[in-house]
Amino acid sequence: MAFEIVTVPCLSDNYAFLLVKGQRAAVVDIPEAAPILAEVAKRELTVTDILITHHHADHIQGLADLLAGVGGSVRVIGSSIDPHRLPDLDLSVGQGDSFNLLDSEVRVMDVSGHTIGHIAYYVPEAHAVFTADSLMALGCGRVFEGTMEHMWESLTKLAALPPDTIVCSGHEYTETNARFALTIEPENPELQARVQKIADARSRGEATVPSLLSDELATNPFLRAGLAEVKSALNMEHESDATVFGEIRRRKDSF
Ligand code: ZN
Ligand code: FE
């Protein structure tokens, strides 16, 4: 049976996701419960699992309301290295772990940097990875807790997934990310084309998330920090990939 991925807009610019198989669903992140519960009711789904990416309030604060709203027995899954900041978990997971979800395999990737203990969930059968505030559409999360090297390492892991992987990230920040990306690679034709598509989608009120990893590899400046053309555009030909990434991330912080 095939997966369907449902994007659920929450709060002002957050996304939760439903990973649906038949009439069963897993929820990824809970910025707020109401929009998720509405989607679950509309589709007459049974929620079996809730997957948490990281401890920030805008990704977990709807948990109690969601649990109360769906009833039944639901497994809550999150990072094994962040128990002091996460709600009570039924399953704690970390880098390299895999577990069964809706009769399919999920592989856990540690993608720390935005926070220490941020994890991503890769679901090979769905061709999807849930990245929240690590890799984002044309961007990446701010590096609050890890080092630039640590975040670069995390992004490098995600970049190595199959290019047809669907990147389900946590926020609709893409238009701002697009304006910033053009300051790094103004001459990148694929970036130019993508920026136009993003503007069109937003003018129609459409989400730009999820995105495709192949598009991120071709246009996302944070994934492209190791490329010669990006280094030379920044006059950083002789710097390490992580140092160039750090420079791009710092520029974005003050953009
Ligand atoms: Zn966050
Ligand atoms: Fe967030």
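Conventions and cut-offs
- Residues numbered from 1 in each chain as written.
- Chains lettered and ligands numbered in written order.
- Predicted model: local features only at pLDDT ≥ 70, side-chain atom pairs only at ≥ 80, totals over all residues.
- Heavy atoms only, no water.
- Donors = N, O, S within 2.8 Å, 3.2 Å for Na, K, Ca; no water.
- Tetrahedral: all angles 85-135°; square planar, octahedral: opposite > 155°, others 65-115°.
- Helix = DSSP H or I, 4+ residues; strand = E, 2+ residues; numbered from the N terminus.
- Buried < 20%, exposed > 50% of the residue type's maximum accessible area, 1.4 Å probe, protein only.
- Polar contact = N/O pair within 3.5 Å; in protein donor to acceptor, adjacent residues only side chain to side chain.
- Contact = heavy atoms within 4.5 Å.
- Pairing = 2+ DSSP bridges.
- Axes fitted to C-alpha atoms, helices over the stretch in contact; angles between N-to-C directions.

Draft legend 1. Seen up close, the coordination of the iron ion (ligand 2). In the first shell of the iron ion (ligand 2), the protein supplies Asp58 (OD), His59 (NE2), Asp133 (OD) and His171 (NE2), at 2.1 to 2.4 Å from the metal. One can describe the site at the iron ion (ligand 2) as irregular: its four donor atoms subtend angles covering 85 to 168° at the metal. Between the iron ion (ligand 2) and the zinc ion (ligand 1), the interatomic distance is 3.1 Å, and Asp133 donates to each metal, bridging them. Taken together, the positions of His59 in helix α2 (residues 57-60) and Asp133 in the loop between β10 (128-132) and β11 (135-136) put the pair 74 residues apart, joining distant regions of the chain. With relative accessibility at 0%, the residue His59 sits in the buried group.

Draft legend 2. Layout of the side chain of Thr53. As for its placement among the helices and strands, Thr53 is situated in the loop between β4 (46-51) and α2. Polar contacts involving the side chain of Thr53 include one to the side chain of His54, which spans 3.0 Å. Among residues more than four places away in sequence, those in contact with Thr53 are Val28, Asp29, His59, Gly117, His118, Ile119, Tyr121, Phe130 and Ala132.

Draft legend 3. Seen up close, the coordination of the zinc ion (ligand 1). Bound to the zinc ion (ligand 1) are the protein donor atoms His54 (NE2), His56 (ND1), His114 (NE2) and Asp133 (OD), situated 2.2 to 2.3 Å from the metal. Of note is the zinc ion (ligand 1), whose four donor atoms meet at the metal with angles of 85 to 172° in an arrangement that counts as irregular. The motif formed by the donor residues of the zinc ion (ligand 1), counted along the single chain, is H-x1-H-x57-H-x18-D. On the accessibility criterion, Asp133 (3% relative accessible area) is buried.

Draft legend 4. Examining unusual backbone geometry more closely. Of note, the bond from Val209 into Pro210 is cis; its omega dihedral lies within 30 degrees of zero at 0°. Looking at the secondary structure, you find Pro210 in the loop between α6 (189-203) and β14 (211-212). One non-glycine residue with positive phi stands out, namely Leu11, at about 50°. As for its placement among the helices and strands, Leu11 is situated in the loop between β1 (3-10) and β2 (14-21). Overall, the relative accessible area of 41% leaves Leu11 in the partly exposed class. The phi dihedral of Leu138 falls on the positive side, at around 60°, and the residue is not glycine. Along the chain, Leu138 falls in the loop between β11 and β12 (139-140).

Draft legend 5. Layout of the sheet that holds strand β3 (residues 24-28). Pairing in this open sheet of six strands is mixed, and the strands run β1-β2-β3-β4-β5-β6 from one edge to the other. The sheet is open, and its two borders are formed by β1 and β6 (91-93), each paired with just one other strand. Ignoring strand direction, the axes of neighbouring strands in this sheet form an average angle of 25°. Note that strand β5 (residues 75-79) and β6 share three bridges and pair parallel. Of the residues in β6, the one forming a bridge with Ile77 is Leu91. The sheet strands contacting helix α3 (residues 63-70) are β3, β4 and β5, and the helix crosses β4 at an angle near 160°.

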